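Per-entry structural report
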Amino acid sequence: MTSYENMGFLFPYIRFFNASPQGGTLDFYVGNSLVAAGIKFGSFTDYIKTSTLPTNIKVTTAGIKTEVVCSATLVQKTGQVHTVCVTGLPVKRELLMVEEPTL
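Residues numbered from 1 in each chain as written. Predicted model: local features only at pLDDT ≥ 70, side-chain atom pairs only at ≥ 80, totals over all residues. Heavy atoms only, no water.

Right, let's talk about the overall build of the chain for a bit. Helix and strand content of the chain: 0 helices and 8 strands. Sequence-ordered secondary structure for the chain, helices as α and strands as β, is β-β-β-β-β-β-β-β. Scaling as 2.2 N^0.38, a compact globule of 103 residues should have a C-alpha radius of gyration of about 13 Å, and the chain matches this with 14 Å. When the backbone C-alpha atoms are referred to their principal axes, the chain occupies close to 40 × 25 × 20 Å. Residues classed as buried in the chain amount to 39% of the 103 residues present. Considering only contacts within the chain whose residues lie at least 6 apart along the sequence, 58% involve residues at least 24 apart. Total accessible area on the chain is roughly 5900 Å²; 56% of this is exposed by carbon and sulfur atoms. Counting 8 positive and 7 negative side-chain charges, the chain places the averaged centre of each group 5 Å from the other. (Helix = DSSP H or I, 4+ residues; strand = E, 2+ residues; numbered from the N terminus. Rg over C-alpha atoms; globule rule 2.2 N^0.38 Å. Buried < 20%, exposed > 50% of the residue type's maximum accessible area, 1.4 Å probe, protein only. Contact = heavy atoms within 4.5 Å. Areas by Shrake-Rupley, 256 points an atom, 1.4 Å probe, with all protein chains shown as cover. Lys, Arg positive; Asp, Glu negative; His and termini not counted. Charge placed at Lys NZ, Arg CZ, Asp CG, Glu CD.)

A general trend in soluble globular proteins is that nonpolar side chains are found buried together. Of all hydrophobic cores here, the largest spans 15 residues; its most connected members are Phe28 and Val59. Mapped by element, the contributors of at least two residues to this core are β1 (13–18), β2 (26–30), β3 (33–39), β5 (55–61), β6 (68–74) and β7 (81–89). No other element matches β6, which puts 3 residues into this core. In this view, Val59 contacts Leu26, Asp27, Phe28, Glu67, Val68, Val69, Cys70, Val86 and Leu95; residues no more than four positions away in its chain are not counted. (Core = buried A, V, L, I, M, F, W, Y, C linked by side-chain atoms within 4.5 Å.)

So, on to the pattern of salt bridges. Per the counting criterion, the structure on display carries 2 salt bridges. Between Glu100 and Arg15 there is a salt bridge, with its nearest N and O atoms 3.1 Å apart. Highlighted residues: Glu100 in strand β8 (residues 92–100) and Arg15 in strand β1, separated in sequence by 85 residues. Arg15 shares its class with Glu100; the two are buried. Note that Lys92 and Glu94 form a salt bridge whose closest N and O atoms lie 2.8 Å from each other. Classification of Lys92 by relative accessible area gives exposed; the value is 56%. A relative accessible area of 41% means that Glu94 is categorised as partly exposed. (Salt bridge = Lys/Arg side-chain N within 4 Å of Asp/Glu carboxyl O.)

With that settled, the discussion passes to the side chain of Thr45. Mapping Thr45 onto the fold places it in the loop between β3 and β4 (48–49). Using a relative accessible area of 11% as the deciding quantity, one classes Thr45 as buried. Among the polar contacts listed, one links the side chain of Thr45 to the backbone nitrogen of Phe16, at a separation of 2.9 Å. Those residues in contact with Thr45, other than ones at most four positions away along the chain, are Arg15, Phe16, Ala36 and Ile39. (Polar contact = N/O pair within 3.5 Å; in protein donor to acceptor, adjacent residues only side chain to side chain.)

Attention now moves to the sheet that holds β2. As summarised here, the arrangement of the 4 strands in space is β3-β2-β5-β6, forming an open sheet in which the pairing is antiparallel. In this open sheet, the two strands that pair with only one neighbour each are β3 and β6. Recorded for the sheet is a direction-independent mean angle of 15 degrees between the axes of neighbouring strands. With 6 bridges connecting them, β5 and β6 associate as antiparallel partners. In the sheet register, Lys58 faces β6, and the bridge partner there is Ser71. (Pairing = 2+ DSSP bridges. Axes fitted to C-alpha atoms, helices over the stretch in contact; angles between N-to-C directions.)

Here it is, written out as structure tokens:
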């Protein structure tokens, strides 16, 4: 796999994508901080700067912080960019981490 650490990015970045067609509108959290609210099916967020420490990601039903639909931990290196996709049907949604090329 190609290393993008020297492409000029000083931080890792992520964005979120709601790819769950029947999953409704979703909220995205990094740690305990809400970073994107009310993301509808087929929508992306802007890119968000993260750190190289393990990043805890949580997805909830929009407006209901306690209704977690899926979660994961992502570890990135400086310069990496990921799209974090919520996939699947409402009864079983998952997070798919897609590393993006930065060339």
